[in-house]
Amino acid sequence: MWPIRVLIITFLFSIQINVIAQTTGTITGKVTDAKTGEPLIGATVILEGTSLGDATDTEGRYTISNIPTKTYNVKASFIGYVEQTKFNVVVRSEGNIDLNFELQEQVSELEEINITPNPFAKEDVTPLSIQKFSQQEIAAYPGGNNDIAKVVQSLPGVSGSVGGFRNDVIIRGGAPNENVYYLDGIPIPNINHFSTQGSAGGPVGLLNVSFFEGVSLTASSFDAAYENVLSGVLQFNQRNGNDREFVGNLRVGSSEAALTVEGPLFKGNDSEANTTYIASLRRSYLQLLFQVIGLPFLPDYWDYQYKINHRIDDKNRIYLTGVGSIDDLAINDLDEFDPEQEAIQNQIPVIRQNSNTVGIGWRRQFDDNSGFMETVLSNNTLGNSFYRYDDNVNETGLFFKNESRETEMHLRYQATKFIDNWTLSGGVNVINADYSNTTEDLVNNLNFKTDLNFFRYGIFAQSSANLLDNRLGFSFGLRADGNTFTGSGNEMDKTLSPRLSLSYKLTEDEKWTANASVGRYFKILPYTTLGFQNNTGNFPNKSSEYIQSDHAVAGLEYLLNDRARISVEGFFKWYQDYPISTADSVSLANKGGGFEVFGSERVISRGKGRTYGVELLYQQKYTGKFYGVAAFTLYKSEFTNLFSDGYKPAVWDNGVLISLLGGYKFGNNWEVSSRYRFLGKAPYPPVDRDRTLENYPAVFFDYENLGAKKLDPLSQLDIRIDKKFNFQNLSLDVYLEVQNVLAQSSPSEPRYGLNRNDNGEIIVPRELVRVDSSDDGEVLPSIGLVLNF
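Residue indices begin from 1 for each chain and proceed along its sequence in written order. Thresholds applied to this predicted model are a pLDDT of at least 70 for local features of residues and 80 or more for the giving and counting of side-chain atom pairs; totals over whole chains, interfaces and linings are not thresholded and use all residues. Side-chain numbers come from the whole structure's heavy atoms, not from hydrogens or water.

Participant: Looking at this structure, I do not really get the overall build of the protein. What am I missing?
Facilitator: Regarding its fold elements, the protein presents 7 helices and 43 strands. The quantity called the radius of gyration is restricted to C-alpha atoms. Its globule counterpart is 2.2 Å times the number of residues to the power 0.38. Taking 28 Å as the expected radius of gyration for a compact globule of 789 residues, we find that the protein reaches 26 Å, a close match to that expectation. Overall, the protein is about 85 × 65 × 50 Å in size when its C-alpha atoms are taken along their principal axes. Contacts are residue-level and defined by heavy atoms, with any inter-residue pair within 4.5 Å sufficient. Contacts in the protein between residues far apart in sequence, at least 24 positions, make up 66% of those at least 6 positions apart. Under the convention used here, a 1.4 Å probe and the Shrake-Rupley method define accessible areas, while residue burial counts only the protein chains that appear. Accessible surface, the protein: about 32,400 Å² in total, of which carbon and sulfur atoms supply 53%. Secondary structure elements follow DSSP: runs of H or I no shorter than four residues count as helices, runs of E no shorter than two count as strands, and numbering proceeds from the N terminus.

Dropping the structure here:
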């Protein structure tokens, strides 16, 4: 624990430093029309509670200088448009990113009615089941470690893995591989290091929060442009680099360090450049800490992210963006014998993984500003080398090997047209999928080598409108997908997926709103499943069907004021043709939450599932001192299997989710925030002890008794303290974070290992015994800093 003590002492010492500080900063940005992207000339931008403000110039840009360094709400307004407020904007002496506004045209003609502006941004296509985050909300999230996968777990209906060093995102009881991720409209297969191939989880996020202008999570009512989604869409909107000067930041945390730089390219003597860049590199030192502490595994990772944006003219821009990672999960040779650590060392896989996504996009505004078109070409690759040994430390006695590479080349074209109150869009996408895999499985007597290449394709259309004097929002979408591999893949009528959403403002002041949506969505099976071969070289899963999920959601929202709301939503999801493992007789919906190769087995498309529940949400935007979120979810998640008729609880069936998040800002740039999470008891499959003993260190589960036992509830409180320092040419953010303040035990499945003596030698005859150590909870303090220059 000495590194933690040193960091705490450093933190306490740093706050006592008395230096000459700069107490003012500058913010700048642009105000544009949300539909056309045209600059709004003469729009007013003000800092609430002050006399500071500015009007936009001919380029739509504003600049407010000599701002005292603290936190503000910033409001933009323009005649004929709905005003917009950016909440919780931290003004520093250095490191302030552009604050841009996109204003919606005011449609309502009820001039005598006092309409409350809705600060909770929605979209015509998705009037409910959507949440949005700003960069500041993500960066200051207690217990989040700048990781978006952890941040979204404060939302209603969203949970994560319980224990197990995992970072899965579970949305409304669906499996983690039911979500999709987009970076500026470019699909990325995973957002985690050491990702579970075929699924979507991992222990550590790989995206840099410094890039984000905003993040949105959609849990239903998906836009038809999104393919292969059943439970959630996470869209990361990256900002452009600084177009005026070189700036950057260095972030140092308890487990990693990241450097981000940005600036103009080819600026010359112009005040602003048409070409900008932003790039980052992050390196972990978690493996060093784990080695000092004496843990049995050493996670080592790098990641990088970049974006280049070029404005050709007022109507055209192109951008190049990418993200990637290099991961190495090695095994540590323990100095002292510990039964539980020994079992982990035996059972954890050796993983060497790399991922890369790169895409180029062209967006062209129509000359009459009546719409735009966008073309995106991208490539993503995941290389996964996954091994299990009898002796992991020396990597001898190989009994399982999976060496695979999956690559997708995406081409998407989409056109959007504005006609009066209507927005019409449509497009096509084509994907070339290439999957190679060499598998040697001595335990299950399976060996195959796959080299698979095929095409996926889709067509989509969406129409949205605001009717009845802007009180009724309407959206209808249609999508169909196909592929050239599966037996019925070219029968696009089987994947016809309509979706409809309605939103109605019940009162003229627009405080009460009723929302509803229905939709059908499809997902092709992962490449690990499609590319699975038996020993005769056949593809037994070629006859599999797309997974089908039908959604029905209804909700009610009430605006308490211009920065607080209460909402309630009920949801129901039905699943058809869910793949069931023929080896384990269980739905694949119950797998994919561990360090494994998910889906590489024979399946049959006979499974059904259902998740249903109700969500309550109270959300308070920053008031000048306080902000907070309270979310409560009551739900069920159930799937069928081959053991018996009827539905059985899924491993994601926590039943109850509670999340409380709040922060208070004191004077002199101090902030205290906290998060409380409660997850109800979740079922888990017990270990098949006889089969595991026979094949140890391979572990097998008894899925027939899934649900007979449940994990204890998770109850965790995290606290974070932030202090911001401002100097002449830089600013410094320092934070102290304490996870699990109440020292609650973290629920985990029982762990088994071979019975050994005090020297670690196996006792003969071999016996499988439980090796769990004390269930006392650990308080995890950490410290970090962000240096902006």
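Participant: Before we go on, may I ask you to explain the packing of aromatic side chains in this structure?
Facilitator: Working definition: an aromatic ring pair is given by the centre-to-centre distance plus the angle between the planes. Each Phe, Tyr or Trp ring, with Trp reduced to its six-membered ring, pairs with another whose centre is within 6.5 Å; inter-plane angles below 30 degrees give stacked pairs, above 60 give edge-to-face pairs, and intermediate values give tilted ones. One pass over the full model with this rule turns up 26 aromatic pairs. Ring centres of Tyr664 and Phe666 lie 4.8 Å apart, and the angle between their planes is 65 degrees; on these two criteria the pair is classed as edge-to-face. Type-normalised accessible area, obtained with a 1.4 Å probe on protein chains alone, sets the label of each residue: buried when under 20%, exposed when over 50%, and partly exposed for intermediate values. In this structure Tyr664 comes out as partly exposed when scored by relative accessible area, which is 36%. Judged by its relative accessible area of 46%, Phe666 is partly exposed. Each residue in the set Tyr435, Phe454, Phe485, Tyr527 and Phe539 is aromatic and connected to the rest through ring pairs, giving one cluster. Lying over the aromatic face of Phe120, Arg565 brings its terminal NZ or CZ to 4.3 Å of the ring centre. Counted as over-ring charges are cases with an Arg CZ or a Lys NZ within 6 Å of the ring centre that also lie within 35 degrees of the ring normal.

Participant: Whenever I open this one, the pairing of strand β27 (residues 472-483) confuses me. Can you help?
Facilitator: Looking along a regular strand, one sees side chains alternate from face to face of the sheet. In short, DSSP must find at least two bridges between two strands for them to pair. Sheet analysis places strand β26 (residues 446-467) next to β27, joined by 12 bridges and oriented antiparallel. By the bridge assignment, Ser464 is partnered in β27 with Ser475. Two successive antiparallel strands, β26 and β27, enclose a turn made up of 4 residues, where Leu468 displays a positive phi of approximately 55 degrees.

Participant: What's the story with the side chain of Asp168 in this structure? I'm lost.
Facilitator: Mapped onto the elements, Asp168 comes out in the loop between β9 (158-160) and β10 (169-171). Here Gly201 takes part through its backbone nitrogen, which lies 3.5 Å from a polar atom of the side chain of Asp168. With residues up to four places along the chain from it excluded, the contact list for Asp168 reads Gln153, Ser159, Gly160, Ser161, Pro176, Gly201, Gly202, Gly592 and Gly593. Polar contact criterion, stated in full: a pair of N or O atoms within 3.5 Å, where within protein one must be able to donate a hydrogen and the other to accept it, and residues adjacent in sequence count only if both atoms are side-chain atoms.

Participant: Looking at this structure, I do not really get the sheet that holds strand β16 (residues 232-238). What am I missing?
Facilitator: Adjacent strands of a sheet form backbone hydrogen bonds with each other and so pair up, either parallel or antiparallel. Pairing is mixed across the open sheet formed by 5 strands, whose spatial order is β8-β15-β16-β11-β12. A strand with exactly one partner marks an edge of an open sheet, and here the two such strands are β8 (130-134) and β12 (186-188). Taking each pair of neighbouring strands and ignoring which way they run, the sheet shows an average axis angle of 20 degrees. Across 5 bridges, the pairing between β8 and strand β15 (residues 212-218) is antiparallel. Bridging across to β15, Phe133 finds its partner in Val215. Structural elements are reduced to axes, namely lines fitted to C-alpha atoms, with helices fitted over the stretch in contact, and the angle between N-to-C directions of any two is expressed from 0 to 180 degrees.

Participant: What should I look at first to understand a nonpolar patch on the surface in this one?
Facilitator: Each patch groups residues whose relative accessible area exceeds 30% and which form no salt bridge, using 9 Å between like charges and 5 Å between nonpolar side chains of Val, Leu, Ile, Met, Phe, Trp and Tyr. Any Lys or Arg side-chain nitrogen located within 4 Å of an Asp or Glu carboxyl oxygen qualifies as a salt bridge. A contiguous nonpolar patch, built from Leu468, Tyr504, Leu506, Trp512, Leu556, Val568, Val614, Leu616, Phe632 and Leu634 and spanning about 790 Å² of accessible area, is present on the exposed surface. Contributing elements (two or more residues each) for the nonpolar patch: β32 (603-620) and β33 (626-639). With respect to the helices and strands, the residue Val568 is situated in strand β31 (residues 564-581). Assessed through its relative accessible area of 31%, Val568 is described here as partly exposed.

Participant: I would appreciate a short explanation of the environment of Gln84 in the present structure.
Facilitator: Note that Gln84 resides in strand β6 (residues 84-90). Not counting the four nearest positions on each side in its chain, Gln84 is found in contact with Val74, Lys75, Ala76, Phe101, Glu102 and Leu103. At a separation of 3.3 Å, a polar atom in the side chain of Gln84 contacts the main-chain amide nitrogen of Glu102.

Participant: Any chance you could explain helix α4 (residues 286-293) here in plain terms?
Facilitator: Within an α-helix, residues lying three or four positions from one another point in the same direction, as the helix has 3.6 residues per turn. Those residues of α4 lying buried are Leu286, Gln287 and Phe290. Down the axis of α4, the smallest arc covering the buried residues is 95 degrees, so these residues share one side. Directions are taken from the helix axis to each C-beta atom, and the arc is the one they span.

Participant: I would appreciate a short explanation of the pattern of salt bridges in the present structure.
Facilitator: Close approach of charged atoms lets side chains of opposite charge pair. Following the criterion strictly, the structure yields 39 salt bridges and no others. Residues Arg244 and Asp98 are paired through a salt bridge, measuring 3.0 Å at the closest nitrogen-oxygen approach. One end of the pair, Arg244, is in the loop between β16 and β17 (247-252); the other, Asp98, is in the loop between β6 and β7 (101-103), and 146 residues separate them in sequence. Between Lys665 and Glu671 there is a salt bridge; the shortest N-O distance is 3.5 Å. Take Lys665: its relative accessible area is 5%, and that puts it in the buried class. The structure contains a network of salt bridges with shared partners spanning Glu48, Lys75, Glu83, Asp562 and Arg563.

Participant: Can you help me understand the nonpolar core in this one?
Facilitator: Most often, soluble globular proteins have nonpolar side chains that are buried together. Judged by nonpolar contacts, the single largest core of 34 residues is most densely connected at Phe454 and Tyr578. Counting residues per element, the ones that place at least two in this core are β11 (179-183), β25 (422-441), β26, β29 (512-523), α6 (527-530) and β31. The residues contacting Phe454, other than those within four sequence positions of it, are Ile431, Asn432, Ala433, Asn483, Thr484, Phe485, Ile524, Tyr527 and Leu530. One finds Val152, Ile171, Leu183 and Val323 within the second-largest nonpolar core, a separate group that totals 32 residues. As used here, the term nonpolar core means buried Ala, Val, Leu, Ile, Met, Phe, Trp, Tyr and Cys residues forming a set that is joined through side-chain atoms within 4.5 Å.

Participant: Could you clarify how one ought to interpret the sheet that holds β7 in this entry?
Facilitator: Read across the open sheet, the 3 strands follow the order β4-β1-β7; overall the sheet is mixed. At either margin of the open sheet sits one strand with a lone partner, and together these are β4 (61-68) and β7. When the angles between neighbouring strand axes are averaged without regard to direction, this sheet yields 30 degrees. As judged from the 3 bridges shared by strand β1 (residues 24-33) and β7, these two strands associate in the parallel manner. Opposite Thr32, over in β7, you have Glu102 as the bridge partner.

Participant: I keep staring at the side chain of Arg565 and nothing clicks. Help me out?
Facilitator: Examined against the element boundaries, Arg565 turns out to sit in strand β31. Side-chain polar atoms of Arg565 contact the side chain of Gln131, separated by 3.1 Å. Separated by 3.0 Å, the side chains of Arg565 and Gln619 make a polar contact. With near-sequence residues (within four places) excluded, Arg565 lies in contact with Phe120, Lys122, Gln131, Glu557, Tyr558, Leu559, Leu560, Leu617, Tyr618 and Gln619.

Participant: I keep staring at the environment of Gly609 and nothing clicks. Help me out?
Facilitator: Structurally, Gly609 can be placed in strand β32. On a C-alpha basis, the gap between Gly609 and Thr438 in space is 32 Å, while along the polypeptide they are 171 residues apart. Residues contacting Gly609, with those up to four places away along its chain left out, are Lys573, Trp574, Tyr575, Glu638, Phe639 and Tyr647.

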